[in-house]
2 protein chains.
Amino acid sequence: MPIALIVHGGAGAIAPQRQAAARQGCAAAARIGWEVLRQGHSAMEAVMAAVVALEDDPTFNAGTGAVLTAAGHAELDAGIMDGATLGVGAVAGVRRIQNPILLAQAVLASPQVLLLGEGAEALAATQGIPFIDPMHFVQSYQRMPSQPLPADASGLDHEGKHGTVGAVALDAAGHIVAAASTGGYLGKPEGRVGDTPIAGAGFYAEDGVGGIACTGDGEAFIRMQVARRVAEALGRGMDAQAAASQVINVVQTRIGGTGGLIVIDATGRVGFARSTVNMSYAYFTEGLSAPVVGI
Amino acid sequence: MPIALIVHGGAGAIAPQRQAAARQGCAAAARIGWEVLRQGHSAMEAVMAAVVALEDDPTFNAGTGAVLTAAGHAELDAGIMDGATLGVGAVAGVRRIQNPILLAQAVLASPQVLLLGEGAEALAATQGIPFIDPMHFVQSYQRMPSQPLPADASGLDHEGKHGTVGAVALDAAGHIVAAASTGGYLGKPEGRVGDTPIAGAGFYAEDGVGGIACTGDGEAFIRMQVARRVAEALGRGMDAQAAASQVINVVQTRIGGTGGLIVIDATGRVGFARSTVNMSYAYFTEGLSAPVVGI
């Protein structure tokens, strides 16, 4: 079976001075995930390694680089789906977790599917998931060059609204895993959740069909169940790239939602599409010795 | 255009001594919603009236009758979708709201789609949505006859795990609205969220396609995006009843998830299915002077 891996670092209008870092961060995460896959490990291990790398890179709006809410703190969301079992784990509104995708994976292993805020953090405490001082997110945000303040956030196409990260992998056993992680959008109200922790909206994986991870206008992506729509298109026999383009187009024409997504189908074909100015991405497929990188 | 309205009061193994109250509560809510529709008002108004009635009836595990978490308090979830606009409003983990469906409707009217806990309650304060002392839920729960304590909850088919309420209506303008509200399951861990506030999982509405509201094993219903799957089946031309039965069967055979759902298609045909012992429901279609009621 062919293997494949794709990551993205968010869609939006990415400032020119930040594009090189976004490309490099995606390439680095793709290399990390690809090396895991190439050594014969699972899609689950590859996706986790790639998303942790993206969360740890302050370039991206997830984990360390999360943007701040209107109240000036970080609230993070993440989700992961195992295509072999249709298992899902997700967290929303966590404030003290260094790598929310690690906690989402712990939820996947629990009887629950989606845990919120302090309830999710209570699971983290029992599972040895690393906590972090919430001020770390504020300080990390303030260190970034030319960051707008939350009060300046306006316009759906602003980069601060579109900085989710995601990864999808297909392993040699035919298993597909998809994951997403985000800080939400800059200046969001307390408690706001977008598509990132919602299976079928921000991410989806099903062996024999494909895997999808989304970024963009999270409200629109929930309303249209974007990841599930891509899976439906794949299920009807559509090509990965055609499915990605068609669904991104439908979300924009039908309800004006913008964003992007990445997809791998069950045969290892890669697709990606965006209705925003930019979306940083990197992928490996069989035979490539370096990632294909774009923005 | 034909009009139609259906409600449910939860799926599970409903104790014999509580079946009459569940049937009567569903019938009463259906009458309230049907009268709204019959007077020429919208599906939105009819669904809201029906769900508020179900939330106010202590028989059901939503609003006033919500079950308690492992920690002994109530955490409520609700969601609503407007098939005319594909607009969604939902809340998760609210503790002080008398009628969570009213707050979900306020979120529908806001720029957000899903708000959690205290963030959702902050919106309630600005919109005049009634608050309630959290102890009210504890006292209401304790007043119910032969209620198990949270520590006694076990087994997926236990009534305490399956008490969500929901409603779907089709109005004379062809607009479809679907909504759901729940206290979750008895003894759930803090922060746990099931399918009820997740568009495409616990509820879905799209004019020209249909409306769906679900109840049951919320984790399984998220993993399978149950409401969206029913809409897909309707979109392929399947009959409302066939779509309901097929999807409930798929959820059970594929991942062992049990529960039930109600559906109205774009032509006003009603469907419902369950894989549990019982699901209380009541519906009206054109020409009926009394609701069809069952359990």
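Presented here is a report on the structure given in the accompanying data block. (Residues numbered from 1 in each chain as written. Chains lettered and ligands numbered in written order. Predicted model: local features only at pLDDT ≥ 70, side-chain atom pairs only at ≥ 80, totals over all residues. Heavy atoms only, no water.)

A few points about the state of the cysteines
Condition: Whenever a pair of cysteine sulfur atoms sits within 2.5 Å, that pair is classed as a disulfide.
Using the criterion set out here, one finds zero disulfides over all chains in the structure. Cysteine A:Cys26 shares no disulfide, and the gap to the nearest cysteine sulfur, in A:Cys214, comes to 15 Å.

Quick look at helix 7 (residues 226-235) of chain A
Residue and element names in this part refer to chain A. Put simply, the test is: Each residue gets one of three labels from its accessible area relative to the maximum for its type: buried under 20%, exposed over 50%, partly exposed in between, using a 1.4 Å probe on protein chains only. Secondary structure counts use DSSP, requiring at least four H or I residues in a row for a helix and at least two E residues in a row for a strand, with both numbered from the N terminus.
In terms of residue burial, helix 7 counts as a mostly covered element, since nine of its ten residues are buried. Restricting attention to buried positions, one finds in helix 7 the residues Val226, Ala227, Arg228, Arg229, Val230, Ala231, Glu232, Ala233 and Leu234. Just downstream of helix 7 lies Gly237, where phi reads positive at about 95 degrees.

Considerations on the interface of chain A and chain B
Our working definition: We call two residues in contact when some of their heavy atoms are within 4.5 Å. Two parts lose some accessible area (1.4 Å probe) when they are put together, and adding that loss for both gives the buried area. Salt bridge criterion: a side-chain nitrogen from Lys or Arg within 4 Å of a carboxyl oxygen from Asp or Glu.
With 36 residues of chain A at the contact, the number on the chain B side is 36 residues. Carbon and sulfur atoms supply 56% of the area buried between chain A and chain B, which totals about 3,000 Å² over both sides. Broken down residue by residue, the surface that chain A buries against chain B is led by A:Leu116, A:Arg223 and A:Gln225, which jointly contribute 20%. Inspection of the region where chain A meets chain B yields four salt bridges. Linking A:Arg228 and B:Glu232 is a salt bridge whose minimum nitrogen-to-oxygen distance equals 2.8 Å. Secondary-structure elements contributing two or more residues to the side of chain A that touches chain B are strand 3 (87-94), strand 4 (114-116), helix 4 (117-127), strand 7 (192-193), strand 8 (203-206), helix 6 (218-224), helix 7 and helix 8 (240-255) of chain A.

Observations regarding the nonpolar core
Convention followed: In plain words, nonpolar cores are sets of buried Ala, Val, Leu, Ile, Met, Phe, Trp, Tyr and Cys residues tied together by side-chain atoms within 4.5 Å.
Judged by nonpolar contacts, the single largest core of 104 residues is most densely connected at A:Leu114, A:Ile212, A:Leu261, B:Ile212 and B:Leu261. Apart from the residues within four sequence positions on either side, B:Ile212 is in contact with B:Val168, B:Ala178, B:Gly202, B:Phe203, B:Tyr204, B:Ala227, B:Val230, B:Ala231, B:Leu261, B:Ile262 and B:Val263. Membership of the second largest hydrophobic core comes to 53 residues, among which are B:Ala30, B:Ala66, B:Phe137 and B:Ala169.

Examining the packing of helix 2 (residues 43-56) of chain A against helix 3 (residues 100-108) of chain A
Residues and elements named next belong to chain A. The line we're drawing: Here an axis means a line fitted to C-alpha atoms, over the contact stretch when the element is a helix, while the angle between two N-to-C directions is reported on a 0 to 180 degree scale. To sort the angles, those under 35 degrees are grouped as roughly parallel, those over 145 as roughly antiparallel, those from 65 to 115 as roughly perpendicular, and the leftovers as oblique.
Direction vectors running N to C along helix 2 and helix 3 enclose 150 degrees, while the axes themselves pass 9 Å from each other. In this view, helix 2 runs roughly antiparallel relative to helix 3, as classed from their interaxial angle. Between helix 2, through Met44, Met48, Val51, Val52 and Glu55, and helix 3, the contact on the second element is made entirely by Pro100, Ile101, Leu102, Gln105 and Leu108.

Quick notes on the sheet that holds strand 4 of chain A
As a reminder of what qualifies: The rule for pairing is simple: two strands pair if DSSP sees at least two bridges between them.
Within the open sheet, the nine strands sit side by side as 13(A)-12(A)-1(A)-5(A)-6(A)-2(A)-3(A)-4(A)-7(B). Their pairing is mixed. With one partner strand each, in any of the chains shown, strand 13 (292-294) of chain A together with strand 7 (192-193) of chain B form the two edges of the open sheet. Strands strand 1 (4-12), strand 5 (165-170), strand 12 (278-285) and strand 13 of chain A of the sheet are contacted by helix 1 (residues 16-38) of chain A, whose axis makes an angle of about 25 degrees with strand 12 of chain A. Sheet strands touched by helix 3 of chain A: strand 2 (76-82), strand 3, strand 4 and strand 6 (176-182) of chain A. Its angle to strand 3 of chain A, the strand with the most contacts, is close to 135 degrees.

Regarding the relation of the copies chain A and chain B
For clarity, the cut-off: What sets the superposition is a least-squares fit of C-alpha atoms, and only residues with pLDDT of at least 70 in both copies go into it.
Take chain A, turn it by 180 degrees, move it 0.0 Å along the axis, and it overlays chain B with an RMSD of 0.0 Å. The relationship between the two copies is best expressed as a two-fold rotation axis. Of the residues that chain A buries at the interface, 100% are likewise interface residues in chain B, meaning the two copies contact each other through the same surface.

Description of the packing of aromatic side chains
Residue and element names in this part refer to chain A. Put simply, the rule reads: Think of it this way: a Phe, Tyr or Trp ring, Trp meaning its six-membered ring, pairs with another when their centres are within 6.5 Å, and the plane angle makes it stacked under 30 degrees, edge-to-face over 60, tilted otherwise.
Scanning all chains against the criterion turns up eight aromatic pairs over all chains. Note on Phe272 and Tyr283: the rings are 6.0 Å apart at their centroids and 45 degrees apart in plane angle, and the pair reads as tilted. With Phe272 in strand 11 (residues 270-274) and Tyr283 in strand 12, this residue pair connects regions lying eleven residues apart in the sequence. Residue classification places Phe272 among the partly exposed residues on the basis of a relative accessible area of 23%. Owing to a relative accessible area of 17%, Tyr283 belongs among the buried residues under this scheme. Taken together, the aromatic side chains of Phe272, Tyr281 and Tyr283 make up a single cluster linked through ring pairs.

Looking at the packing of helix 1 (residues 16-38) of chain B against helix 2 (residues 43-56) of chain B
Working note: a packed helix pair is described by the angle between its axes plus the distance between those axes. Residue and element names in this part refer to chain B. Applicable threshold: Each crossing is labelled by how the near helix is turned from the far one, with a counterclockwise turn of less than a right angle marking it left-handed and a clockwise turn marking it right-handed. By the convention adopted, Pro, Cys, Tyr, Trp, Phe, Met, Ile, Leu, Val and Ala count as nonpolar, Lys, Arg, Asp and Glu as charged, and the other residues, Gly among them, as polar.
Look at helix 1 against helix 2: their axes get within 8 Å of each other, and the N-to-C directions meet at 155 degrees. One element, helix 1, and the other, helix 2, form an angle in the roughly antiparallel class. The way helix 1 lies across helix 2 gives a crossing that is right-handed. Listed contacts from helix 2 to Gly25, Cys26, Ala29, Ile32, Gly33, Val36 and Leu37 of helix 1 are Ala43, Glu45, Ala46, Ala49, Ala50, Ala53 and Leu54. When its residues are assigned to classes, the contact of helix 1 with helix 2 shows eleven nonpolar, two polar and one charged.

Details of the sheet that holds strand 4 (residues 114-116) of chain B
Reading across the sheet, the nine strands line up as 7(A)-4(B)-3(B)-2(B)-6(B)-5(B)-1(B)-12(B)-13(B) and stay open at both edges, with mixed pairing between neighbours. Edge positions in the open sheet fall to strand 7 of chain A together with strand 13 (292-294) of chain B, since each of these has one partner strand only. Here strand 1 (residues 4-12) of chain B pairs with strand 5 (residues 165-170) of chain B via five bridges, running antiparallel. Across the sheet, the residue bridging to B:His8 is B:Gly166, located in strand 5 of chain B. Sheet contacts for helix 1 of chain B: strand 1, strand 5, strand 12 (278-285) and strand 13 of chain B; angle to strand 12 of chain B, the most-contacted strand, approximately 25 degrees.

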